Every structure is written in structure tokens, then in C-alpha cells.
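Chain and residue survey
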Amino acid sequence: MSIRQKRISQDYARLKKLYKEGTIKQLKAFDSQKKSIDHLKILLVGPKGTAFAKGLFRLEMKFPREYPNQPPFVRLHTPIWHPNFWPKPSEYPGQRNICLALVDPNYIGKKGGWSPTKTAVTVVQAITSMLNTAGQYINPTDVFNKKAALEMMKERKKFDKKVKNLVKKYANKKW
Amino acid sequence: MGESDFFSKDLTAKERQLYDRQFRLKGWNQRILKNSRILIVGVGGLGCEIAKNLAMLGVGHIDLVDLDVIEHSNLNRQILFMDADIAKPKAIAAVEMLKKVNPNIILKGYHTSLEKLPPVIFKKADVIVGGLDSKNARINLNLQAVRFKKPLVDGGVNGYHGHIYTIFPYENACYDCHPTSSTESDEMAACTVVGVPRKRVHCLFKATMAFEEKFSTVPNPGNIDDVNFLISFANNLVDKFNFNPQFTVKEVINIIDHHEPGIITINAVIASIQSQEILKILNYQKGNSALGIPSKEYIIYNGMTQKFYYLTKPRNPECLQCGKNVIREELYIRKDQKLQCIIDALKMKGYKLDEEMEPILTVPEFDSLRELDLEKTAIANKIRSLSFISLSGFQEGEIFVTIRLFK
Amino acid sequence: MSEDFDDLDEDLEDIEDKTPAIASKTPNVAQAPGGKDISIFFMSTIGPGEKKQKLLVNTGNNVGDIKTTVGNIFGINPSDFHLSHGGVTLDEGKLIMDYPVKDGDTILLIPASTAGI
């Protein structure tokens, strides 16, 4: 039993609590045959009162070899219109498509970055709160989706409308 | 014959003849060996030699486990397979040969992985012997040795060097006392890097990935066309991202055709020392120290200089296996009970649930961590009596449970 | 896990470039602050001779980096040995200061045999 296994086990126990409480809608092993909890399928739901409300977002989470010294690998598998997410899940397969310092290996130990005191729950909460875009300031040069960033800052209504359209059309699939 | 047990009724006349020269050793006790049981994990370069030695010595019961089959390249150092067919399971072939070496002993071969080996085999062994070549397997073996408190006589080789180390659980450092992070496997990293290679060798691994994508098969280091494809692809990237020098044919073959070197002479020295230590432990366990006190040190052998070096490995009080904070419980559960009963039993024992967690049971399996279904029975969860289960969800921390099934 | 989101291309046709803003950057290798320079005797248990070399090492250095340097000096491939201090094999991912290494101590180069601890 290594520190990695111990942490994965504990983090998974925390995620499962979130699942039992209804905060996350699905939680299961990514590989249904192997059933290993170091690679997970999670289903997030858009926060109430935001343009992403009621949207179901498929999140892949994988605990790397060096966990907890490296952050969990995360990837969204649902199309989304948001400055900090790559919109099309079919592109850049196998890569992290979420722009968040907390899960960026380059920000480990820095402000807003990963540290072993953080958990998988911290990550899930951070990603969910990113969907609450009201009042957020985003630097349009430091994002994955420049177009969405500019729209969000300059044409808010158009942005919200587009978000809602995509949520309605695509953010409705479970794993 | 001195003070030996030559006339013990446990031994047949034939056996007395066979072991005649052993009886002449001061303090020798053949009966102890006959009544001993050894588990050899890994029947490769070291395992074959140790098994051969222990069989000749007359150790009464030897279990051998290995998930591999025989390859031609094994035959320069794995003597037990000289008569066997290529692709035969090693554990099975070994038993067949060992029966000829010594027909008086019990031999059992298991063609399986460590995880699938019935845990009772670990528990029944007097000494566990490591002849492994994988770090993961070693960590799993350490887990079994520590939880069943068995001495683990381990050995390893590298070129003209090697080492021997016996783990005495709770007496000296175990393999988890000072874990080292796996240096980022270059291949793994290459798989997750799409875009800029971060190391020179990534250029080559990206080339193998491109090869596999294009031809739907892995490149064959023996095929010059395959190698040339890799070289030109890799060197393209080397130029582009400034990782000179360029790769040569020799270098590419060395990297992709990675097998550890192995030679009978070094293997024989390490295996012999392991074997002698096993003898000492078996006797020492039964109160006979005439063969010497078993060594607790990490012994390094340099086959070039014929020098030995000795390191004392200190225990780590925070060790996740043998440290002071490790919680272990043994629970009896009925075969028809849902595993939820484990959580309930621990609550009854006084453990308190952590409110931020949902209790979960997991089983470590080679490289993964499998979750168990609390609503199903042990058998339905594919675990058996004496299986090792890890539990998260209590305030006291991780709890290691050994379950015992009964009707 | 790829699925066809049918009209997605239409809905998102105005996405400009597919710049790999997602590609990972090379992390900087820096010496940790607070380290101090100490003298260490490196002794090899492997190879044709028992070589011993005194080196100045900064405790803020990464073990992996020290290993590469030592490997170059002793002419041994870093993947063929581990560094060991007080019976403990040093983890390549850690710093010298993470271990009780003092000025004047000896660090051994031990064979990286298949057991390797």
C-alpha cells in the first residue's frame, strides 16, 4: 500500500460522499472491466442560477503515478462554451482540456496551483465553480477558448445565449 | 555423525544416504528442513538457482509461483528449463525438473500472478523467497510478507553486481519504509505529451507511437526497415526541437529492445547467499542457531572486485506497512454475508466514521485499486479467505483488514 | 471514448485556431532556496575499482541531478546505480535537504539491481 494508493482511496471515499449527497451525479471506474478507482468517470451538473444550469458534464479524472505530488489529470467529455474549456471533446484526445491552475502541473506549489494537501474534491469543486461565470474577469490571452472569452467579456447576452443553447443540445448525456 | 539427527525416524534410509554429507556438518538438523515449507516467488534467474539448492538440501515442501512461460533466452542461466519445451509455464516446468533432483520432497507449481495466488500459500510458508524483477510485484510481495510476519529473503542482480536482503517484518526496514518515486517512465510520459517532447528520448517514443498508429503493430528491433522508420521520424523531431545528437541505429535498438542482462555466475552467487540465509532462518526459527544468526543487513556483491559491502537499513516509524500508525484487523465473516458487514463490524469495534467520506473497500491489484461492492458477498466480489482489503472512510485512517471466511 | 456530437461542427464553426495552448511547457529546474553547500564523499561499490570522490553539493539540489553529475564523474550510467545514505536509498524526486545528510558524510553508489531499494 503506497502513499498514492492510500490517497486515491481516501479521495475516492470523499468523492463517493459527494455522490451520495447528490452533488455529483455519477461516479464510477473508467474501465468497467478493471474497475480500478485510480481512473474515474464523474458527472457534474451546472450550478443553479447560471447559464450552465441543468447541464450534465462528463468529467474524466485520472490519478497519475506521482499522485498526490502531481494533480489529478482531468478532461471534459462534453461540448461546452466557456473560456477555460476546449469546446470540442473530440479534439486533442488524451489531453487535459480544462485551463485551471489547480490541475496544471506547471503551477504545483504556486498560488492557485496544486499541492498534496488538496484533494480530488477540491478539483471537482473548482471545476464546478468555474461554471459560475457571473462577475468573473478573464484574461482573454490566457485561455483555451479565446472567442468565448471575448464574447463573455464584451457581449454577455450573446455569450449566455450560446452557452444555454449548447447546454440544451449537448449537455444532457450521462456516462 | 556428531550431535545430528541422523537416526531420526522422520527420514528414510534412502534420505539418510542422500544427505549423508550434510549430516557431517556441525549442528546440522535435517528434520528441520524436511518439516519446512518455502514459497519461491519468481522462477527466473534467481528463483531457479534457489529452488535447485533447496531441493538438493532436502527442504520438505517448496511452492513455486511465476506467471511467465519459458523463452529460449532463459536457457543461459535458468537450469531448471533445460529439458522443457519453450512456452511452457515456468512454475510447472520447474516442478517437473525438481522432482528429478529430489523425489523425496513435496513440490507445487503455480502458473499465476502474485495477486491471484491463494493467500493461504503465503501464510503457510516458513520463509518467503523473492526472485522477482518488477518493482510493483515486489511491493505486493512485501505487503504479504509484512502482514503475515514472514521473513522475506530477497535478492537482485544487475550486470556484474547484485544484492541480498532479508526483510524481517518489524525488525528491519521493509520495502515500504523508504519508497522511491518511480522515475517518470519515459514511455508513459510520451503518451501524455501531445506536442512538444520534453526529453530527447521522447522523440524516439513518439516515433514508436507514430509507427504503431501507421502499421497497427509494434516496431521490430530486428527489422532494419522498422528501425529506419523510427530513426528518420525521431531525428526529424530531434532537429526540430533541438535535442541533438541524432539517434543512431545502435542507440535506437538498445532503447526499444530493452531486456535486462543476465548471467549465471552472478545469479549463482546471489542465489547461494539467499539459500544459505534461508537455511539459517529455518533453523533459527526452530531454536537452532548452529548455522549462524540470520543476517539483517543489505549485502552488496561486486563481481568485478569480489568485494562485499554491508548496509544497515533502518526502519521508518511512519512506514505505511510496518510503521507504528498502521491499523490491522482480522475479521471473520460468513460466506453469505454482504461486505457491508465489515464496515458494521469495525463500527462495533469502536472505529468512528469520517463524515466527509463514504466508507469504501478496495483490493490492490498489480497496478490498480479495485473497489469492492458492499452489497455483494466476498465470493461475488472475487475475494477469498485471507484476502487483504483496505478500508477508507474512518476517522482513524486507513484500516487493513484480513478477512477469514467461514460457512 | 469519442462520440459524435453531430451538429457540433456547425454550432462551433467559428472556432479559430487549434493552437495547442494546452501543450505542456517544460518545467523549470531550479535549486531550492535555503540550501547550503556541503562536502560529501561519494564512494562506489560498483565497477572495477572502489572509487571515492569528494564533491561540493548544495543541499537544495535535486537527488536526480546529483545522480547525473556523479554518474558522469564516475563513468557509470545513472540507471545502473542508486545513491544510498545511512542505509536509505535516496529518492530521485527529492532534494538532498530532505535527508539527514551532513557535511563530511559519505554517500554510496549501490547497484540498481532488480530489487533496488
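The present account deals with the structure reproduced in this document. (Residues numbered from 1 in each chain as written. Chains lettered and ligands numbered in written order. Predicted model: local features only at pLDDT ≥ 70, side-chain atom pairs only at ≥ 80, totals over all residues.)

Check the secondary structure of chain C and you find two helices and five strands. Helices and strands in chain C line up, N terminus first, as α-β-β-α-β-β-β. The contacts in chain C between residues at least 6 apart in sequence include a share of 64% that link residues at least 24 apart. (Helix = DSSP H or I, 4+ residues; strand = E, 2+ residues; numbered from the N terminus. Contact = placed C-beta atoms within 7 Å.)

Turning our eyes to something else, we now look at the packing of helix α9 (residues 200-215) of chain B against helix α10 (residues 224-240) of chain B. All names here are of chain B. Between α9 and α10, whose axes approach to 8 Å, the crossing angle comes to 130°. Accordingly, the angle class assigned to the pair α9 and α10 is oblique. In this structure, the crossing between α9 and α10 has a hand that is right-handed. Together, R200, C203, L204, K206, A207, T208, A210 and F211 of α9 and D226, F229, L230, F233, A234, L237 and V238 of α10 make up the contact between the two elements. Of the residues that constitute the contact of α9 with α10, the class distribution is 11 nonpolar, one polar and three charged. (Axes fitted to C-alpha atoms, helices over the stretch in contact; angles between N-to-C directions. Parallel < 35°, antiparallel > 145°, perpendicular 65-115°, else oblique. Left-handed = near helix turned anticlockwise from the far one by under 90°. Nonpolar A, V, L, I, M, F, W, Y, C, P; charged D, E, K, R; others polar.)

Residue and element names in this part refer to chain B. The strand order across the open sheet built from eight strands is β3-β2-β1-β4-β5-β6-β7-β8, with neighbouring strands paired in mixed fashion. Looking along the sheet, the strands with just one partner apiece sit at the ends: β3 (106-110) and β8 (307-311). Within this sheet the neighbouring strands show an average axis-to-axis angle of 15°, counted without direction. In terms of strand pairing, strand β6 (residues 161-167) meets strand β7 (residues 298-302) through four bridges, oriented antiparallel. Counterpart to I164 in the pairing with β7 is I299. Against the sheet, helix α5 (residues 90-101) contacts β2 (61-65) and β3, and its axis sits at roughly 165° relative to β3. Where helix α12 (residues 264-285) meets the sheet, it contacts β1 (37-41), β4 (127-130), β5 (152-158), β6 and β7, and its direction lies at approximately 170° from that of β5. (Pairing = 2+ DSSP bridges.)

All right, on to the nonpolar core then. The nonpolar side chains of a soluble globular protein tend to be buried with one another. Residue and element names in this part refer to chain B. By size, the foremost hydrophobic cluster in this structure holds 148 residues, and its most contacted members are I38, I40, A51, I62, L64, A94 and V129. Taken domain by domain, this core gets at least three of its residues from each of domain 1 (36-159 + 261-294) and domain 3 (327-406). Setting aside anything within four residues of it in sequence, one finds A51 in contact with I40, V43, I62, L64, L80, A94 and L98. Counting 15 residues, the second largest nonpolar core, distinct from the first, contains V227, I231, V238 and F243. (Core = buried A, V, L, I, M, F, W, Y, C linked by C-beta atoms within 7 Å. Buried ≥ 20, exposed ≤ 12 C-beta atoms within 10 Å, placed from the backbone. Domains from an automatic or database assignment.)

As summarised here, the arrangement of the five strands in space is β9-β13-β12-β10-β11 (chain B), forming an open sheet in which the pairing is mixed. Each edge of the open sheet is held by one strand with a lone partner, namely β9 (327-334) and β11 (368-371) of chain B. Here the strands of the sheet are splayed against their neighbours by 40° on average, with no regard to which way each runs. Where β9(B) meets strand β13 (residues 399-406) of chain B, eight bridges bridge the pair, whose relative direction is parallel. Looking at the pairing, I333(B) lines up with L405(B) of β13(B). In the packing of helix α1 (residues 3-21) of chain A onto the sheet, the strands contacted are β10 (360-365), β11 and β12 (388-392) of chain B, and the crossing angle to β10(B) comes to about 145°.

Counting residues at the interface gives 24 residues for chain B and 25 residues for chain A. Listed by contribution, the elements that provide at least two residues to the side of chain B that touches chain A are α7 (135-147), β10, β11 and β12 of chain B. When residues in the side of chain B that touches chain A are grouped by element, the largest group, four residues, is from β11(B). Its residues assigned to classes, the side of chain B that touches chain A shows 10 nonpolar, nine polar and five charged.

Turning our eyes to something else, we now look at the environment of P359(B). You can see P359(B) is positioned in the loop between α13 (340-348) and β10. With 38 residues separating them in the primary sequence, P359(B) and G397(B) have C-alpha atoms 11 Å apart. If we skip the residues at most four places from it in the chain, P359(B) touches A13(A), I343(B), L353(B), L391(B) and G393(B).

Note on strand geometry: in a regular strand, side chains alternate between the two faces of the sheet. Residue and element names in this part refer to chain B. When β12 meets β13, the two strands line up antiparallel, connected through four bridges. Paired with F388 across the two strands is T402, which belongs to β13. Between the antiparallel neighbours β12 and β13 lie six residues, among them G393 with a positive phi of about 130°.

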